[in-house]
Amino acid sequence: MADWSVLPELLLELISERLSIVDLIRFSCVCSSWRSMTPQFLHGKLLPWLIIPCTTGSSPRKRRSGIVCDKIVGIVSFSDPNRKVYELELPEVADRRICGSSAGWLVTVHANSEIRLLHPFTRAQIQLPPLTAFPSRLPVPLQQGDGFAGHLRDYYIHKAIVGFCSSESDEAMVMAIRKEDDRLALCRPGKDLRWTVLEGDSHGRSHDVIFYRGHFYTVKGSGLVFMVSGLENASPHLTLVCRRPNTLSSPKKLYVVESSGELLMVYRFLDSGHYIDYEDDDDNNLEVDSDDDGTEPLRLPHRSINFEVFKLDLGERNWVKTNNLGDRALFLGYNGSFSLSTSEFPGCKGNSIYFTDDYFEAYYRQKHGAHDMGVFDLGNETIEPLIHRSETQSFMPPSVWFSTNPWWRGGLDVLTF
Amino acid sequence: MSSTKIFLKSSDDKTFEIDETAARASETLKNIIDGGCLDGVIPLPNVSSNILPKVIEYCKKHGGDNGSSKKIANGGVDKDKEILPDYDEEEDKREKVRVDELKKWEEEYMDFDQQVLYDLMLAANYLHIKGLLDLTVEKAASMIRGRTPDQIRENFNINSDFTPEEEEEMILIEDEWDDEWAFD
């Protein structure tokens, strides 16, 4: 009888070389001798991943198409100390922009206005109401290839995440930050034909939204954090959780993230000295979106220079600044912000913030952008590069964190105020 | 064209005849032939009489022509040809027919169960027949792609030897992927 479990290593290696990363993970679960042929990091829990939407970003055509993905994306496990970039064939994301990533799902949007959830490993897809189904004044129908349609794809939704209607309910819900008026909009996949925009929100721009302990939370540019209430009886509205931290610093971007059951707020500070406004036509010499051959020096529009982290004190209902997250690492960007314990994922560094570039306003229509990625050490306030790519290679479209976090629903006990 | 005959002896002491040109598809046999140590019969203690005729069949098809199997492995005709100035359209057509015919032959040739695949892969490896090794490795990979660990075990008749704790962790990972929730 053939015993495949004792096939010579060389032959097992030849077979495994022909497998995609997804098949390789399954290959490693067949038996222990097959498992020993696969990299260690594939064996444990599978997060976090960084999805690099375009691995051939240097071609001029790609540069112009800007923010949409290739049909083959790069995928790096940050549990892998070698940070090997695997190719993942994913035709479902081709010509689409990734505008969100949470709970194992990517949210993708097309210039034809279509929005979908996509699981990159199973490649399951779920259709969401399109951009044209937002209560708004969008021209209908949008034509593919139309510059305005491309603009809407890139600009209309800042970020979208997946959660549930309530802690008791299994009914899934997608919450999006709409750029037009920086309000939250929501829909129930498979149920709603239209998006519902949260009414009565006059608190300014939403920077981030997460699903935490059975509720959606959002942070405004002012530093106010709100919880979305009333989802179960279809009258969603914002309830104030806590006022802004008592500090004079004014960050460019704000995030909310859960860490060890606590709610954190993160301030992200950018050096915008190199930022060139694409609408500024006064000085054409500074315009970086030109059709040259890419040999000019890089002019990068911005970079992260510092982060501050605040912990919500439930008793006092105020924010306490902290520079010690213990073994936790935070992951910020176009994803639903998440954290993990680095004792469980030794490939990552504790007390650190892993960030990707979601400052779209700065690089929209620029040749170079989405380069602002790194690891911020909260203890000594230094930034290390996230991945090493050649300087001339474009980082567009922005890389996105992806997690198959089994604990993402958090505890079921609800925060009450 | 006549060719020198070579005799191969299987692990169970059965002797098979093969043309020298065909035998040269195997690096191992080629080295033995060229080494001049040919003593009538070449013993192959690692290949049984069940699988040796199958190996010989492959060698006959590819004998002395390692290039053609390589082209198949690369998925067809070499594209670079098209830019050569003395490119011959007729020749290219004939080549295409030949490649198509070979592909069809390989498809029929490779129609067997995992037991034969296992033995053939080991034989191809032992005899250093690159084209045959590529074919068998690719077939094994195709029996893994897009399948769950359970389906793969079934395909290859493998029993899991993980501890219950390890099993549980893996099931969690699989469930995570398959977790599509109740969206309706």
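Remember, predicted model here, so these are calculated numbers, not experimental data. (Residues numbered from 1 in each chain as written. Chains lettered and ligands numbered in written order. Predicted model: local features only at pLDDT ≥ 70, side-chain atom pairs only at ≥ 80, totals over all residues. Heavy atoms only, no water.)

**Student:** How should the overall build of chain A be read in this particular structure?
**Tutor:** Looking only at helices and strands, chain A has six helices and 25 strands in total. For chain A, with 417 residues in total, the buried portion stands at 60%. Contacts in chain A between residues far apart in sequence, at least 24 positions, make up 56% of those at least 6 positions apart. When the accessible surface of chain A is split by element, carbon and sulfur atoms take 47% of a total near 16600 Å². (Helix = DSSP H or I, 4+ residues; strand = E, 2+ residues; numbered from the N terminus. Buried < 20%, exposed > 50% of the residue type's maximum accessible area, 1.4 Å probe, protein only. Contact = heavy atoms within 4.5 Å. Areas by Shrake-Rupley, 256 points an atom, 1.4 Å probe, with all protein chains shown as cover.)

**Student:** What is the right way to look at a negative patch on the surface in this model?
**Tutor:** Residues and elements named next belong to chain B. On the surface, a cluster of negative charge is made up of Asp161, Glu165, Glu166, Glu168 and Glu169. Structurally, Glu166 can be placed in helix H9 (residues 164–178). Accessibility expressed as a relative area gives 34% for Glu166, which makes it partly exposed. (Patch = residues over 30% accessible without salt bridge, like charges linked within 9 Å, V, L, I, M, F, W, Y side chains within 5 Å. Salt bridge = Lys/Arg side-chain N within 4 Å of Asp/Glu carboxyl O. Lys, Arg positive; Asp, Glu negative; His and termini not counted. Charge placed at Lys NZ, Arg CZ, Asp CG, Glu CD.)

**Student:** I keep staring at the packing of aromatic side chains and nothing clicks. Help me out?
**Tutor:** In total, this model carries 22 aromatic pairs over all chains according to the counting rule given. Centre to centre, the rings of Tyr267(A) and Phe310(A) are 4.9 Å apart; their planes meet at 65°, and the pair counts as edge-to-face. Linking Tyr267(A) in strand S17 (residues 262–271) with Phe310(A) in strand S18 (residues 303–313), this pair joins segments that are 43 residues apart in sequence. Classification of Tyr267(A) by relative accessible area gives buried; the value is 1%. Residue class for Phe310(A) comes out buried when judged on its relative accessible area of 3%. Where Tyr354(A) meets Trp401(A), the ring centres are 6.2 Å apart and the plane angle is 80°; that geometry is what we call edge-to-face. Note that Tyr354(A) is positioned in strand S22 (residues 352–355) and Trp401(A) in strand S25 (residues 400–402), a separation of 47 residues in sequence. No difference in accessibility class separates Tyr354(A) from Trp401(A), as the two residues are buried. An aromatic cluster of three or more residues is present, and its members are Trp4(A), Phe27(A), Trp34(A), Tyr118(B) and Phe156(B). Over the face of the ring belonging to Phe112(B) we find Lys139(B), whose NZ or CZ atom lies 5.2 Å from the ring centre. (Phe/Tyr/Trp six-rings, centres within 6.5 Å; stacked < 30°, edge-to-face > 60°. Lys NZ or Arg CZ within 6 Å of the ring centre and 35° of its normal.)

**Student:** How should I be thinking about the sheet that holds strand S2 (residues 72–77) of chain A in this particular structure?
**Tutor:** Residues and elements named next belong to chain A. Reading across from one edge, S3-S2-S1-S25 is the order of the four strands in this open sheet, with antiparallel pairing throughout. A strand with exactly one partner marks an edge of an open sheet, and here the two such strands are strand S3 (85–89) and S25. In this sheet, neighbouring strand axes are inclined to one another by 35° on average, regardless of whether the strands run parallel or antiparallel. As judged from the four bridges shared by strand S1 (residues 49–52) and S2, these two strands associate in the antiparallel manner. Note on S2: the bridge partner recorded for Ile52 is Gly74. (Pairing = 2+ DSSP bridges. Axes fitted to C-alpha atoms, helices over the stretch in contact; angles between N-to-C directions.)

**Student:** Got a minute to help me understand the nonpolar core in this structure?
**Tutor:** Note that soluble globular proteins tend to have their nonpolar side chains buried in a common cluster. Counting residues in each nonpolar core, the largest one holds 99 residues, and the members touching the most others are Trp4(A) and Trp34(A). Both domains that furnish three or more residues to this core are identified here as domain 1 (5–142) and domain 2 (149–182) of chain B. In terms of nonpolar packing, the next biggest core, distinct from the first, is built from 24 residues, Ala103(A), Ile115(A), Val162(A) and Ala185(A) among them. (Core = buried A, V, L, I, M, F, W, Y, C linked by side-chain atoms within 4.5 Å. Domains from an automatic or database assignment.)

**Student:** How should I be thinking about the pattern of salt bridges in this particular structure?
**Tutor:** Pairing between side chains of opposite charge can happen when their charged atoms approach one another. For the structure on display, the rule yields 31 salt bridges over all chains. Arg188(A) is paired through a salt bridge with Asp192(A); the nearest N and O atoms lie 2.8 Å apart. Since its relative accessible area comes to 28%, Arg188(A) is described here as partly exposed. The class for Asp192(A) is buried, based on a relative accessible area of 18%. A salt bridge links Asp13(B) to Lys9(B), with the shortest nitrogen-to-oxygen separation between them at 4.0 Å. A residue is classified by how much of its surface remains accessible, and Asp13(B), at 58% relative accessible area, is exposed. Connected via shared salt-bridge partners are Arg18(A), Lys130(B), Asp134(B), Glu138(B) and Arg145(B).

**Student:** Got a minute to help me understand the interface of chain B and chain A in this structure?
**Tutor:** By a widely used convention, the size of an interface equals the accessible area lost when the partners come together. Listed by partner, the interface residues are 40 residues for chain B and 46 residues for chain A. Our enumeration of links across chain B and chain A arrives at two salt bridges. Note that Arg18(A) and Asp134(B) form a salt bridge whose closest N and O atoms lie 3.5 Å from each other. Residue assignment for the side of chain B that touches chain A shows that the elements contributing at least two residues are helix H6 (114–126), helix H7 (130–142), helix H8 (149–156) and H9 of chain B.

**Student:** In this structure, what is going on with H6(B)? I would like to understand it.
**Tutor:** Taking 1.5 Å of rise per residue, 13 residues should cover 18 Å, and H6(B) covers 18 Å from first to last C-alpha, within 8% of that figure. All of the buried residues along H6(B) are Gln114(B), Leu117(B), Tyr118(B), Leu120(B), Met121(B), Ala123(B), Ala124(B) and Asn125(B). Where H6(B) is buried, its residues meet helix H1 (9–17) of chain A together with helix H3 (52–62), helix H5 (89–109), H7 and H8 of chain B. Phi for His128(B), located one or two positions after H6(B), is positive at around 50°. (Expected span 1.5 Å × (residues − 1).)

**Student:** Could you clarify how one ought to interpret the confidence of the model for chain A in this entry?
**Tutor:** Detailed reading of the predicted coordinates is not advisable wherever pLDDT falls low. All names here are of chain A. Summarising the model, chain A shows a mean pLDDT of 81, and 81% of its residues fall at 70 or more. Model confidence for chain A, summarised as mean pLDDT per element, is weakest for helix H4 (residues 60–65) at 46 and strongest for S22 at 97. Confidence over residues 405–417 falls short of pLDDT 50; this stretch has 33 contacts with residues more than four positions distant or in other chains. (pLDDT = per-residue confidence, 0-100.)

**Student:** Sorry, what's going on with the pairing of S18(A) here?
**Tutor:** Consecutive side chains along a regular strand alternate between the two faces of the sheet. All names here are of chain A. Two strands pair when backbone bridges link them, and S17 and S18 are joined in this way by eight bridges, in the antiparallel orientation. Bridge pairing in S18 links Arg268 to Phe307. Two elements, S18 and strand S19 (residues 318–322), share five bridges in a ladder whose sense is antiparallel. Each bridged residue has a counterpart across the sheet, and for Phe310 the counterpart in S19 is Lys321. In this structure, the hairpin formed by S18 and S19 is closed by a connection of four residues, where Arg317 is found at a positive phi of approximately 55°.

**Student:** Please clarify how the packing of H3(B) against H5(B) should be interpreted in this entry.
**Tutor:** When two helices pack together, their arrangement is given by the angle between the helix axes and by the axis-to-axis distance. Residue and element names in this part refer to chain B. Remark: H3 packs on H5, axes separated minimally by 12 Å, with the N-to-C direction vectors making an angle of 180°. By the criterion of interaxial angle, the relationship of H3 to H5 is roughly antiparallel. In contact with Lys54, Val55, Glu57, Tyr58, Lys61 and His62 of H3, H5 contributes Glu101, Leu102, Trp105, Glu106 and Tyr109. (Parallel < 35°, antiparallel > 145°, perpendicular 65-115°, else oblique.)

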